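Inside the fold
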Amino acid sequence: MSKTADYGDVQRALQAETEQILKQIPVSPVTLSMPVDGAGPRICASVHDADAGKVPRSVSVVHDGQTVEIPVEVIGSYEEFKAL
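Residues numbered from 1 in each chain as written. Predicted model: local features only at pLDDT ≥ 70, side-chain atom pairs only at ≥ 80, totals over all residues. Heavy atoms only, no water.

Quick notes on the pattern of salt bridges
- Following the criterion strictly, the structure yields six salt bridges and no others.
- Where Lys3 meets Asp9, a salt bridge forms, and the shortest distance between an N and an O atom there is 3.0 Å.
- The closest approach of N and O atoms between Asp51 and Lys54, which form a salt bridge, is 3.1 Å.
- Through salt bridges with shared partners, a single ionic network connects Lys3, Asp9 and Arg12. (Salt bridge = Lys/Arg side-chain N within 4 Å of Asp/Glu carboxyl O.)

Structure below.
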């Protein structure tokens, strides 16, 4: 049985379980983020428009022996950022 993610779960997953997440999102390049806009805990996956349909609606990570299900919001506006 999996647990529904809270904000702490999403933050931990992005910090410690990134490899587990990326294995479930068969798209490259992708930028992952955690929005805090009040619309609920989730991961935003920014990808190229053409890849948006390949991103799953959720990912599962195992943290401290418990499976956590995290919703994924797809943003089809990937832009490459370079430091100045």
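Looking at the pairing of strand 3 (residues 43–46)
- Burial along strand 3 is two-sided: the face carrying Ile43 and Ala45 and the face carrying Cys44 and Ser46 are both buried.
- With three bridges connecting them, strand 2 (residues 31–33) and strand 3 associate as antiparallel partners. Bridge assignment links Leu32 to a residue of strand 3, and that residue is Ala45.
- In the sheet, strand 3 pairs with strand 5 (residues 66–75) via four bridges, with the strands oriented parallel. (Buried < 20%, exposed > 50% of the residue type's maximum accessible area, 1.4 Å probe, protein only. Helix = DSSP H or I, 4+ residues; strand = E, 2+ residues; numbered from the N terminus. Pairing = 2+ DSSP bridges.)

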